[in-house]
Amino acid sequence: MIERIKKAADKIKKAKRITILTGAGISKASGIPTFRGEDGLWGKYSISEFATLEAFHKDPKKVWQWYNYRKKLIKQAEPNKAHYVLVELERIFKDGFALITQNIDNLHTKAGNKSVYELHGNIFEVKCLICNKIYHDQTIYKDDQLPPKCKYCQSIRTRPNVVWFGESLDVELIKKAMALAASCDVFISVGTSGGVQPAAGLPKIAQRMGKYVVEFNAEYSAISMFADDVIIGNAEKTLPMLLN
Ligand code: BV8
Ligand code: ZN
């Protein structure tokens, strides 16, 4: 594995632009459960009950309670060594750096990354369905305060500003992410099973455009077939070796 990390480090040293895609695996060491695999969220909670617009319309309070529980977990979480490697890479590459995340846990921003494209939204943002305002809200609510009142129009028709299954991602955002995958020199995938589209299509674009693609993941994934090199291990251990 060491030689593969050395090769990846060499490719990064020679690169002018790097694009990174992260998934839940990068935050596992921060105590945030992933979605698939043992003790994954989708093993305990069903997507159709908690992570679709239909589920929300059926029982907004129940969906809000689930996000409020996850918000509590995430608010206590600190970035780990893998997050900080991406902060260092942004310091080195400056505007040649782009970080695309599927995560809604805000940990890349908390670690200090500036250029973060949050494909699936952010658990600390609330969107009001009446006045359409989106705002930051770190509050952990009591059950009887859910759904939270919009801070602008007091409506309780508010939702977490995340992308649910069956909902389209922001078109400009996914177009930008695809362009970043196609225009980089090196594409790095960290901690994603590649199970969710259209995010999981990004490494394929990079590979099709002849970019060097390297994957850091705890196990082989649906991304691995698009990677020139796959580095199996925990990212909080393997990513820091890139900077040695
Ligand atoms: C859409 C936010 C269409 C909410 C999430 C083909 C094309 C387009 C769409 C589809 C398609 N096929 C199917 C679809 C529909 C669907 C989809 O992909 N379904 C899957 C299940 C088959 N896609 C959608 O619905 C998307 N919408 O395309 O709409 C459309 C178009 C126009 C108009 C209308 C509609 C929307 C998808 C977004 C869903 N929202 N999250 C929330 O978080 O509550 S997705 C959710 O999964 C998270 O965002 C998560 O990030 C994402 C992917 O999961 P991963 O991050 O990869 O996490 P996972 O647990 O799976 O894997 C973790 C990995 O880390 C593992 O491999 C593990 O081994 C590794 N690991 C663990 N520890 C470590 C580690 N690695 C390194 N170090 C460690 N320590
Ligand atoms: Zn409002």
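Residues numbered from 1 in each chain as written. Chains lettered and ligands numbered in written order. Predicted model: local features only at pLDDT ≥ 70, side-chain atom pairs only at ≥ 80, totals over all residues. Heavy atoms only, no water.

The protein chain is annotated in an unreviewed UniProt entry as NAD-dependent protein deacylase of Hippea maritima. What the UniProt record of the protein chain gives under Function (unreviewed entry) is the line "NAD-dependent lysine deacetylase and desuccinylase that specifically removes acetyl and succinyl groups on target proteins. Modulates the activities of several proteins which are inactive in their acylated form." (UniProt positions renumbered as here; feature names shortened; annotations may be inferred.)

Draft legend 1. Highlighting the domain arrangement of the protein chain. As assigned here, the protein chain comprises domain 1 (1-30 + 79-120 + 169-244) and domain 2 (33-76 + 121-162). Each of domain 1 and domain 2 has a C-alpha centre, and the two are 26 Å apart. Contacts between the two partners involve 13 residues from domain 1, matched on the other side by 15 residues from domain 2. Seen at the junction of domain 1 and domain 2, the total is zero salt bridges. Counting every contact that joins domain 1 to domain 2 gives five residue pairs in polar contact (both at pLDDT 80 or more). (Domains from an automatic or database assignment. Contact = heavy atoms within 4.5 Å. Salt bridge = Lys/Arg side-chain N within 4 Å of Asp/Glu carboxyl O. Polar contact = N/O pair within 3.5 Å; in protein donor to acceptor, adjacent residues only side chain to side chain.)

Draft legend 2. Seen up close, the sheet that holds strand 8 (residues 212-217). If you walk across this open sheet you meet the six strands as 3-2-1-7-8-9, and the pairing is parallel. Each having just a single partner strand, strand 3 (116-118) and strand 9 (229-232) make up the two edges of the open sheet. Strand-to-strand twist in this sheet, taken as the mean axis angle between neighbours without regard to direction, amounts to 15°. Across three bridges, strand 2 (residues 97-101) lies against strand 3 in parallel orientation. In the sheet register, L99 faces strand 3, and the bridge partner there is V116. On the sheet, helix 1 (residues 2-14) packs against strand 7 (186-190), strand 8 and strand 9 and is oriented at approximately 125° with respect to strand 9. In this fold helix 8 (residues 171-183) packs onto strand 1 (18-22), strand 2, strand 3 and strand 7, with an angle of close to 130° to the strand it touches most, strand 3. (Pairing = 2+ DSSP bridges. Helix = DSSP H or I, 4+ residues; strand = E, 2+ residues; numbered from the N terminus. Axes fitted to C-alpha atoms, helices over the stretch in contact; angles between N-to-C directions.)

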